[in-house]
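These are the residues of each chain, in order.
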Amino acid sequence: MGLNRREFLQQAGLLLAMLGIHETVYDRSYQALAQPTRRKLALLVGINQYPSGNRIEEPLQGCLTDVELQRNLLVYKFGFHPNDIVTLTNEAATRSQIESTFISHLVDQAQMGDLVFFHFSGYGSSISRKNLDSNLSQIQYSYLPIDGESSEPEVINDLLEDTLWLLLRSLSTSEIITVLDTSFIYPGYHQQGTLKIRTASNPTHLNINPAELELQNQLLSRLNLSRQDLEQRKPGQLPGLVLAASKPAQIATEGRWDGFNAGLFTYTLTQAFWNSHPSQNLTTQISRVAAEVEQIVGPCQQPQLRRILTQSHRKTESDLFLGILGTHSFSIDGIITGVEDNGKTAKILLTGLPTFVLDSLSLNTVFKIISEVNDLENPVYLQLRSRTGLNAKAQVKTTDFTSPFGLQVGQKLQEIVRILPRQTNLKIALDPKLNRIERVDATSAFSGFSRMTIVASDQPADYLLSRVTDTAIAQALEAPLSPLFQGRYGLFSKGSVLLPNTVGEGGEAVKIAVHRLIPQLKNRLAIKLFRLTENERSLSLKVRATLNLLAPQSQVLIKRETQGMNNNIREIPETIQAKSNINSNQSIVSASENLGIVTVPLGSRLQYQLQNKGEFPVYFLLFYVNSEGQIYVFNSGRDPQQQQIAPGKFLSLPPATVYSANASTEMMGEFVKEPVGLTETHVIFSANPLTETLEILDKNVKKNDSLFKFNLLSNPLNIADAILQDLNRASQPTLEKMGMMTDDLALDINSWATLSFVYRVVG
């Protein structure tokens, strides 16, 4: 009897193991052989044009962008066939159409081992239901279709989460990923700072559409389940892996960037996935996404990865590797979506550029077409000529237009030279709830300070100037505020979360408030500049940075590395690994996990490990920013030789040598102290000494500050500017080779790397 393909692959793996062939080689061989027999199906739903009604005040603006972002990611990064992806948007996304398409496209077609991907962007809500056993009221979540406001005013026409649970349970495969960019608990308002909340108000009645209940009955019968089985699950628990925009009781938001609207979660999630590697872990990616979302909106939206562990199929950490999606191994910053001008100009979608970089990205930025055959002799470069949001046009960079360039739709691009403005400003929105005189006075006060730009409240902004409200006081969980603070001026994230230590005195004039906030705003501008240097794409710099927890227990928290590194090492934050010992008598669900941002308790001890696997020395600087916006630099001396890592070597910071010889592990490392909240670290590596930065650091760090410790910077904006100047200077040889001249900052991607960690310090 012949072997089927699956048996052949398994026995081939055993043979390879006996022959001593490395497991990672087998993994690649297995994926290459197995992929063609594995179908990947997707249903993507996005709704903007909700009609106004009792539960909805206004339409959304970013959900169709979410669908476009997700579809391009699935096709060009994860290898989904376009015909296997169905999209339902706006008027096509009725309740019955979503459910019938789910059945016909996913349930009826997916076989065991296939991958099913479901995405929903739109309004969510919650409704009550009666528990049949206890007769008590329960909450279940729901998803609003385009016809959620039924023509029958007393009927709820939502797609119920119970129904989605049954649809997902009806799939023949266990390989399921559900992305939900929506939220369910209505906070009583639709706007969170400059962001729009994706939650509709709860219905005032409990009459569910009979057609919805009939579909549930059919699915229950098909699955041989009862209503009691359905009621055992907790709200938010769904089969497979769930990537959720926030915790169940939190909000999900959408925002406006430079030229486009999108769900904050979907945009950051897809951006992270474009730069992912098959060996990376989904928990690592969701941790990165959660951190970036919190940097933008604050702790009121915390994305999560949720999964259910059953007695029959208890998932392990290996189930969470991105290899299940069949991802390409290289980072992708853009894709060609069209070709014009006789093959000289490409329309491109800027897919994978870091979120904080895109808003400041300038014309003349250079991309390289990623060659499928790894041909480095004749690379094709494209230079950015125009951009509107995520869509741009780029021209082939050459002096010889007689030869064909072979531009094709679907070709993938990587950033080669990043062009940034010579001077980047901080964008500040004024709360429209401030009266006209307040806004005029604030604008006048800001005009006296350079690098501070006032923007309209509906335009992309870095921060928001407003008054403290009762809502802001209620949301200030990490640093509780007295009700006496209500009405005072303060600085807020774009998600209207109050920034620490920015509230003034009662009766303060707005002009005085602006002058008071300028030092903190300069610090925030320095942080923005640090983020503009984010770069893991360097092929020349083969560096890795690891954040380790030394005490109370030793473990790796976060690991970052450049594309030039050998990526065979799997990246697993141990703080969020799967639990292995779970006991439960429930027949359907035995346990669940909610995975998100990395947290570090006060009193812990941390150590950074920096590794250089390249063939030449690299120079480094290490900064960290606490939740109050204070910026510290690790002081290892001002001599460039003291800021250097030799080829094949690594450094541990703080080094153990600064402690006594008999120091225990608990006495080593950097002590984690207040304030609690979000903390970010930026490790900047360069192939050249950061000479100007070191000179300014020498003036900004006190002479008596501790060596091999983090020291507070007195003027971090000068430091951030100097770093960009150093990187620009080091990039000039590349620009000369490419024949480029620009008055802006031009940064050669291969000449530096900035690896960043973001985590939350908790009490």
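This one's a predicted model, so the numbers in the text were calculated from it and none came from an experiment.

Criteria and cut-off values
Residues numbered from 1 in each chain as written. Predicted model: local features only at pLDDT ≥ 70, side-chain atom pairs only at ≥ 80, totals over all residues. Heavy atoms only, no water. Axes fitted to C-alpha atoms, helices over the stretch in contact; angles between N-to-C directions. Helix = DSSP H or I, 4+ residues; strand = E, 2+ residues; numbered from the N terminus. Parallel < 35°, antiparallel > 145°, perpendicular 65-115°, else oblique. Left-handed = near helix turned anticlockwise from the far one by under 90°. Contact = heavy atoms within 4.5 Å. Nonpolar A, V, L, I, M, F, W, Y, C, P; charged D, E, K, R; others polar. Pairing = 2+ DSSP bridges. Salt bridge = Lys/Arg side-chain N within 4 Å of Asp/Glu carboxyl O. Buried < 20%, exposed > 50% of the residue type's maximum accessible area, 1.4 Å probe, protein only. Right-handed = clockwise from strand over helix to strand, strands pointing away. Expected span 1.5 Å × (residues − 1). Phe/Tyr/Trp six-rings, centres within 6.5 Å; stacked < 30°, edge-to-face > 60°. Lys NZ or Arg CZ within 6 Å of the ring centre and 35° of its normal. Core = buried A, V, L, I, M, F, W, Y, C linked by side-chain atoms within 4.5 Å. Arc of directions from axis to C-beta.

## Comments concerning the packing of helix H8 (residues 264–274) against helix H9 (residues 282–297)
Between H8 and H9, whose axes approach to 9 Å, the crossing angle comes to 135 degrees. As far as their axial angle goes, H9 and H8 are oblique. By crossing handedness, the relation of H8 to H9 is classed as right-handed. Contact with H8, carried on its side by Leu-264, Phe-265, Thr-268, Leu-269, Gln-271, Ala-272 and Phe-273, involves Leu-282, Gln-285, Ile-286, Arg-288, Val-289, Glu-292, Val-293, Ile-296 and Val-297 of H9 and no other residues of that element. Of the residues belonging to the contact of H8 with H9, the class tally is 11 nonpolar, three polar and two charged.

## As for the sheet that holds strand E20 (residues 426–430)
Spatial strand order, E21-E20-E22-E23: four strands in an open sheet with mixed pairing. The open sheet has two edge strands with one neighbour each: strand E21 (452–455) and strand E23 (489–493). When the angles between neighbouring strand axes are averaged without regard to direction, this sheet yields 35 degrees. Strand direction decides the pairing type here: E20 and E21, joined by four bridges, are parallel.

## Focus on the pattern of salt bridges
A full pass over the atoms with the stated rule returns 25 salt bridges. Here Arg-39 and Asp-84 are joined by a salt bridge, their closest N and O atoms 2.8 Å apart. Taken together, the residues span a long stretch of sequence, with Arg-39 in the loop between helix H2 (23–34) and strand E1 (40–46) and Asp-84 in the loop between helix H3 (63–76) and strand E2 (85–89) at a distance of 45 residues. A residue is classified by how much of its surface remains accessible, and Asp-84, at 12% relative accessible area, is buried. Arg-531 is the salt-bridge partner of Glu-680, the closest N and O atoms lying 2.6 Å from each other. One end of the pair, Glu-680, is in strand E34 (residues 677–686); the other, Arg-531, is in helix H13 (residues 510–532), with 149 residues separating them in the sequence. With respect to class, Glu-680 is no different from Arg-531; both count as buried. Via salt bridges that share partners, Asp-66, Asp-181, Arg-198 and Glu-254 belong to a single interconnected network.

## A closer look at the pairing of E1
A large share of E1 lies buried, amounting to seven of its seven residues. Across seven bridges, the pairing between E1 and strand E3 (residues 115–121) is parallel. Residue pairing for E3: Leu-44 is matched across the bridge by His-119. Once you follow E1 into H3 and on to E2, the crossover reads as right-handed.

## A short note on the packing of helix H14 (residues 691–700) against helix H15 (residues 716–730)
With their axes 7 Å apart at the nearest point, H14 and H15 run at an angle of 160 degrees to one another. With respect to their mutual orientation, H14 and H15 come out roughly antiparallel. Crossing of H14 against H15: the hand is right-handed. Of the residues in H15, those touching H14 at Thr-691, Glu-692, Thr-693, Ile-696, Leu-697 and Asn-700 are Asn-718, Ile-719, Ala-722, Ile-723, Gln-725, Asp-726 and Arg-729. Here the contact of H14 with H15 is built from residues that sort into five nonpolar, five polar and three charged.

## Observations regarding H15
Compared with an ideal rise of 1.5 Å per residue, which puts 15 residues at 21 Å, H15 spans 21 Å between its outermost C-alpha atoms and is within 8% of the ideal. The element H15 is largely enclosed, with a buried count of 11 among its 15 residues. Along H15, the residues classified as buried are Pro-716, Leu-717, Ile-719, Ala-720, Ala-722, Ile-723, Leu-724, Asp-726, Leu-727, Asn-728 and Ala-730.

## Quick look at the packing of aromatic side chains
Using the criterion set out here, one finds 16 aromatic pairs in the structure. The interplanar angle of 65 degrees and the centroid separation of 5.5 Å between the aromatic rings of Phe-102 and Phe-118 together place this pair among those described as edge-to-face. Here Phe-118 lies in strand E3 and Phe-102 lies in helix H4 (residues 95–107), a separation of 16 residues in the sequence. As far as the burial class goes, Phe-102 and Phe-118 line up, both buried. Centre to centre, the rings of Phe-260 and Tyr-267 are 5.3 Å apart; their planes meet at 85 degrees, and the pair counts as edge-to-face. The rings of Tyr-608, Tyr-624, Tyr-632, Phe-634, Phe-710 and Phe-757 are connected pair by pair, giving a single aromatic cluster. If you follow Arg-531 out to its NZ or CZ, it ends over the ring of Phe-356, 4.7 Å from the centre.

## Comments concerning unusual backbone geometry
Only a minority of non-glycine residues have a phi that is not negative, and only a minority of peptide bonds are not trans. Backbone torsion omega between Leu-653 and Pro-654 reads -10 degrees, so that peptide bond is classified as cis. Among the secondary structure elements, Pro-654 is positioned in the loop between strand E32 (650–653) and strand E33 (670–671). Note the cis peptide between Glu-674 and Pro-675, where omega equals 10 degrees. Relative to the assigned elements, Pro-675 resides in the loop between E33 and E34. Non-glycine residue Asn-501 carries a positive phi angle of around 60 degrees.

## Observations regarding the nonpolar core
In a soluble, globular protein the nonpolar side chains are often hidden away together inside. Grouped together as the largest cluster of nonpolar side chains are 67 residues, with contacts concentrated most on Leu-243, Ile-348 and Leu-382. A total of seven residues in this core trace back to one element, the largest contributor, which is H8. Leu-426, Leu-430, Leu-499 and Leu-517 belong to the second-largest nonpolar core, a separate cluster that totals 46 residues.

## Section: the sheet that holds strand E12 (residues 260–263)
One open sheet holds the four strands; their spatial order is E8-E9-E11-E12, and the pairing between them is antiparallel. Each edge of the open sheet carries a strand with a single partner, namely strand E8 (191–192) and E12. Sheet topology places strand E11 (residues 253–257) next to E12; four bridges connect them, and they run antiparallel. Residue pairing for E12: Arg-256 is matched across the bridge by Asn-261. Against the sheet, H8 makes contact with strand E9 (195–197), E11 and E12, and its axis sits at roughly 90 degrees relative to E12, the strand it touches most.

## Structural notes on H4
Across its 13 residues, H4 extends 17 Å between first and last C-alpha, which sits within 8% of the 18 Å expected from 1.5 Å per residue. For H4, every residue scored as buried is listed here: Arg-95, Ile-98, Glu-99, Thr-101, Phe-102, His-105, Leu-106 and Val-107. Along the axis of H4, the buried positions cluster into a sector of 165 degrees, meaning they face one direction only. Of the surrounding elements, those touching the buried residues of H4 are E1, E2, E3, strand E6 (159–160), helix H5 (161–169) and helix H6 (210–223).

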